[in-house]
Amino acid sequence: MTWIYHAMWIKHVAFLLACGVLLAMASRVRACTTVMVGRQATTDGSVSMASSCDGDVMGLIYVMPSQEYPAGTQLPMYWNLPRPKTYREYQANVRKGYDLVGYLPIDKTYRSILLAGNVESMTTGGMNEFGVTIAIEFIAMRSGLACPRGVVGPNSNHWTTSLIANGLMRAKTAREAIRIIGAMVEQYGFQYYRAPHAGVALPIADEREIWLMEIFGPGADWTASSDRLGGVWCAQRVPDDEVGCSANRSRIGKVDLANSDRFMASSNIFSLAESLGIWEKDKPFVWSDVYGALGSRDNYLREWRVLSLVAPSLGLTVTGDPAADRYPFSVKPERPVSVAALMNLMRDGYEGTQFDLTEHPLFKPGGKKSPLARPWGPEELFELLGIQPERAIGTPTSGYVFVAQLRDGLPHEIGDCLWFACGPAYASCFVPIYGAVTDLPDAWDHPADFTRVDRTQVQWNFRLVHSLADNLRYHDVVRDIQRVIQPAEERFLGVQPQLEKAASDVFASAGAQAAGAFVAEYTQRCMKQVGYAYHELADYLMFQFLLGDADIAPPSLPVVGTPVVPDKRALASQ
């Protein structure tokens, strides 16, 4: 079979794929990547976190308002199993209602920007009004730790049993979030709602510190009435001048509980391992070895790539042996890390390395790179060519990607910004969303309609754009997408100092509420501009690459409107 025949067949398959509902293929790798940066390792002194939530069908972002409860309130805690695998099963679960699994003492919750995904809109991350930010990584767990009787997990389908939601809605600092989450695990029992035999890593940051918290189950025989904690957990702080990475396997190694500035843990960290026979008291205790698993190529390649990009002179290597390919928990970057650098890192497909699939000889017939060359895409393409795609930091399975920029020297209303991309980073535009925002444009903050393509929802337009890239001429489509993304992000970043100077003036003259309204109005404008542009971009790409009729296509690519800083005088007088 000749290359030309291959290309014609691939184009035909791509056309059929693009004309479908464009949902992610079930067999794709579903995992996440998080990069954690201390405040002395960034260009602007911010604590920064970049994370992708991969495997969700389409992402969701919305604001949960703060709320106060009467003294002594105990909220019912809800859980709904079995977890639905299809939208029809989800609707059946909704009709059935939730199962009551306990009661949660609570006095107040804080306003939070919550991130979610999949048909159940499970909370998978977010940032609250104090800058506390949480991401998620499922991690492999040693056999025998899973327990079917646990009723709290990182992202259950109701906030009362969601560890992430509780950490965001009830904590003012990263350490407080860790303590709240840890206490819930110990009291109610841990079970990963989405993957019952997995543990979880929760990167947790505030304006001063960034931590990695890892949680595992209590053992198969645990019950709520037993005299044992409902799980085991440990948290390690990333040093202020270093960068860490989590990519779906346990990253915490030796634990020094005497150093409370670097480590926190449940009281059963050693005793549970002893009782289960997975560690002997006179042997070295390495957290990842005792409770975690070795992991796979999908894990260590991403760890290697992140740490190598920020500290190339370390000369980190890949052997292919997961036991040997263990990397430092964190490293000192060779140059300060910026928000823009983190955005680009989340788009990485191993370009320029031995794992760069776009340079594979089969993508270079006659020595010229094919527009089909890609680091990811339809499985049928790679099977046809006999190529095994690598799991990279960038991936088409991302429901969303964010970069949190948390700065201690500014008021919360101004200093905490969540740069949010709805979909894979390589095909999505990061938009600045400030922590002061109390509402988002309607097109953004509603769960995706999984029953039909709804072009009034930004999720569908982002999904159409990156699906066209994945399933058609990747090289050419992504080139056009980048021509929209790159100048927009440069303008957002370029206007940020002016915006925040004006917001600080409003804060000084009119107070926190007025400053919050100022940056919230700017957030709304930016989100609407990006939403409009992606609606037009989906049309442009379909005309250019799907229909193949440039004569009737829009004459040029859409442009994300230049962000305009609101009139601070008008807002200050309100």
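See the structure shown above.
Read on for an overview of the structure. (Residues numbered from 1 in each chain as written. Predicted model: local features only at pLDDT ≥ 70, side-chain atom pairs only at ≥ 80, totals over all residues. Heavy atoms only, no water.)

1. Some thoughts on the nonpolar core
Turning to step 1, where the next piece is worked out: Counting residues in hydrophobic clusters, the biggest one holds 127 residues, and the most contacted among them are Trp287, Tyr291, Trp444 and Ile481.
Turning to step 2, where the next piece is worked out: It is helix α13 (residues 512-546) that provides the largest number of residues to this core, a total of 17 residues.
Turning to step 3, where the next piece is worked out: Residues within four places of Ile481 in sequence aside, it is in contact with Tyr426, Ala427, Val465, Ala469, Tyr534, Leu537 and Leu541.
Turning to step 4, where the next piece is worked out: In this structure, Trp159, Ala165, Leu168 and Ala235 belong to the second largest nonpolar core, which totals 41 residues. (Core = buried A, V, L, I, M, F, W, Y, C linked by side-chain atoms within 4.5 Å. Buried < 20%, exposed > 50% of the residue type's maximum accessible area, 1.4 Å probe, protein only. Helix = DSSP H or I, 4+ residues; strand = E, 2+ residues; numbered from the N terminus. Contact = heavy atoms within 4.5 Å.)

2. Here's the deal with the side chain of Asn268
Turning to step 1, where the next piece is worked out: Relative to the helices and strands, Asn268 is located in the loop between β16 (263-265) and α5 (271-275).
Turning to step 2, where the next piece is worked out: Exposure remark for Asn268: the relative accessible area of 8% places this residue in the buried category.
Turning to step 3, where the next piece is worked out: Separated by 3.1 Å, the side chain of Asn268 and the backbone oxygen of Gly231 make a polar contact.
Turning to step 4, where the next piece is worked out: Side-chain polar atoms of Asn268 contact the side chain of Ser266, separated by 2.6 Å.
Turning to step 5, where the next piece is worked out: If near-sequence neighbours (up to four positions away) are discounted, Asn268 is found in contact with Leu229, Gly231, Val232 and Tyr291. (Polar contact = N/O pair within 3.5 Å; in protein donor to acceptor, adjacent residues only side chain to side chain.)

3. Observations regarding unusual backbone geometry
Turning to step 1, where the next piece is worked out: Unlike most non-glycine residues, Asn248 shows phi in positive territory, near 80°.
Turning to step 2, where the next piece is worked out: The exposure class of Asn248 is buried, given its relative accessible area of 3%.

4. Examining the packing of aromatic side chains
The geometry of an aromatic ring pair is captured by the separation of the ring centres together with the interplanar angle, meaning the angle of the planes.
Turning to step 1, where the next piece is worked out: All told, the structure shown has 23 aromatic pairs when counted by the stated rule.
Turning to step 2, where the next piece is worked out: Between Trp79 and Tyr193, the ring centres sit 5.5 Å apart and the planes meet at 80°, which makes this aromatic pair edge-to-face. Note that Trp79 is positioned in strand β5 (residues 74-79) and Tyr193 in the loop between α4 (174-188) and β12 (198-205), a separation of 114 residues in sequence.
Turning to step 3, where the next piece is worked out: Since its relative accessible area comes to 4%, Trp79 is described here as buried.
Turning to step 4, where the next piece is worked out: Ring geometry for Phe216 against Trp287: centres 5.5 Å apart, planes inclined by 40°, an arrangement best described as tilted. Taken as a pair, Phe216 in strand β13 (residues 210-216) and Trp287 in helix α6 (residues 287-291) lie far apart in primary sequence, 71 residues in all. In this structure, Phe216 and Trp287 share a single accessibility class: buried.
Turning to step 5, where the next piece is worked out: Taken together through their ring pairs, the aromatic side chains of Phe216, Phe270, Trp279, Phe285, Trp287 and Tyr291 make up a single cluster. (Phe/Tyr/Trp six-rings, centres within 6.5 Å; stacked < 30°, edge-to-face > 60°.)

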